[in-house]
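Observations on the model geometry
Now for the letters of each chain:
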Amino acid sequence: MSAVRTVLGDLPPAELGVTDSHDHLFFRSPRLPGQELDDAPAARAELAAYRAAGGSAVVQWTPYGLGRRAADLPPLSRATGVHVVCATGLHQDVHYAEDTLAALRGRLADVFVAELTEGIGDTGVRAGLVKVAGGFHGLDAHARWTMTAAAEAHHATGAPVAVHLEMGTAALDVLDLLCGELEVPPHRVILGHLNRFPDSVLHRQAAESGCYLAFDGPSRTHHATDWRMPDAVRALAEGGFGDRLLLGGDTVVAAARSVDGGPGMPYLLRRVRPRLAAELGAGLVEQVLTGNPGRAFAVDWR
């Protein structure tokens, strides 16, 4: 049976509900000093605000080594009534100390598989996806290493592979590697941050591969691209790719949380949903927020 792997166990995809397909409850990186998402009460308040806005599920893309706080996720999910999906995977190398990466050499795919099937550390919390990252208009050796491990983990478990595209770039390079060379089925790949590179031709090329396209923001200010997102989503929907679209908030710093004065998770439903409904119709937006995530994150787990 196909199921979405949440921090409270496997869930039928039809029960996932309205989903923020890319966000963060916890995130800590040396690249963002002083801006860490590392406060459990604030995370609970943010989830509660999202629930009050009509949200049912959140997919946290925080990967290995960046402060996932996996043990805190089940009680947060229970307390707020929001389904939470947790990630394994690895971000760009700039987010890690060299000794952290050195300790993963030769066993990265095994770590991903263990976190998907057995649990993260001793928490018993199993990840429901693998998150990796590309570079700016290309893939370096680190990206190729992590994506190769992600592909191995997919082939072993069936897990979807979600990809951070740096400023929305290198989508076709990612697809060439993951779906071409490494033979991950396109419908198991989710490309994130496409809103940050509003090239309609590139978006259509990526959509034609059969992958999922995530428009995930704004958690930080991207004035040059945020306002173009509705047009990009409409163009893809009109091109017949409405069943491939996902939406998320991507809250990555503390100031971006709604409870700290930012847009946060509720903004996705409070402002983005009605804005897109005006462009696409409420029915399609409901599909993007509910039906599509159920398919994108549901797996016949092996």
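Read on for an overview of the structure. Nothing here was measured: the structure is a model prediction, and the numbers come from that model. Numbers given to residues run from 1 along each chain, matching the order in which its sequence is written. Selection of residues for local features in this predicted model requires a pLDDT of at least 70, selection of side-chain atom pairs for listing and counting requires 80 or more, and totals for whole chains, interfaces and linings are taken over all residues. Excluded from the side-chain calculation are hydrogens and water; included are all heavy atoms of the structure.

Within the open sheet, the three strands sit side by side as β2-β1-β12. Their pairing is antiparallel. A single partner strand is all that each edge strand has here, and the edge strands are β2 (9-11) and β12 (298-299). As paired strands, strand β1 (residues 3-6) and β12 are joined by two bridges and run antiparallel to one another. Note on β12: the bridge partner recorded for alanine 3 is valine 299. At least two DSSP bridges between two strands are needed for those strands to be called paired. Only DSSP runs of H or I covering at least 4 residues are called helices, and only runs of E covering at least 2 are called strands; the numbering of each starts at the N terminus.

One open sheet holds the three strands; their spatial order is β3-β4-β5, and the pairing between them is parallel. Each of the sheet's edge strands pairs with one partner strand only, and the pair in question is β3 (19-23) and β5 (83-85). Along the sheet, successive strands turn relative to each other by an average axial angle of 15°, direction set aside. Judged from the three bridges that link them, strand β4 (residues 57-60) and β5 form a sheet pairing that is parallel. For valine 59, the partnering residue across the bridge sits in β5 and is valine 85. The strands touched by helix α1 (residues 40-52) are β3, β4 and β5; relative to β4, the strand with the most contacts, the crossing angle is about 140°. To get an axis, a line is fitted to the C-alpha atoms, and for a helix only the part in contact is used. The angle between two axes follows their N-to-C directions and goes from 0 to 180 degrees. In what follows, residue pairs with any heavy atoms lying within 4.5 Å of each other are defined as contacts.

Our focus in this paragraph is the pattern of salt bridges. By convention in these notes, a salt bridge is any Lys or Arg side-chain nitrogen within 4 Å of a carboxyl oxygen on Asp or Glu. On inspection of all chains with the given rule, the structure shows 13 salt bridges. The shortest N-O distance in the salt bridge between aspartate 231 and arginine 234 comes to 3.1 Å. Of this pair, aspartate 231 and arginine 234 both sit in helix α9 (residues 229-241), separated by three residues, roughly a single helical turn. Only protein chains enter the calculation, and the probe is 1.4 Å; a residue is then buried if its accessible area is under 20% of its type maximum, exposed if over 50%, and partly exposed in between. The class for aspartate 231 is partly exposed, based on a relative accessible area of 38%. Looking at arginine 234, the relative accessible area reads 28%, which means it is partly exposed. Where glutamate 279 meets arginine 234, a salt bridge forms, and the shortest distance between an N and an O atom there is 2.6 Å. Here the residue glutamate 279 occupies a position in helix α10 (residues 266-280), and arginine 234 occupies one in helix α9, the gap between them amounting to 45 residues. Each member of the salt-bridge network shares a partner with another, and the members are Arg28, Asp38, Arg69 and Asp72.

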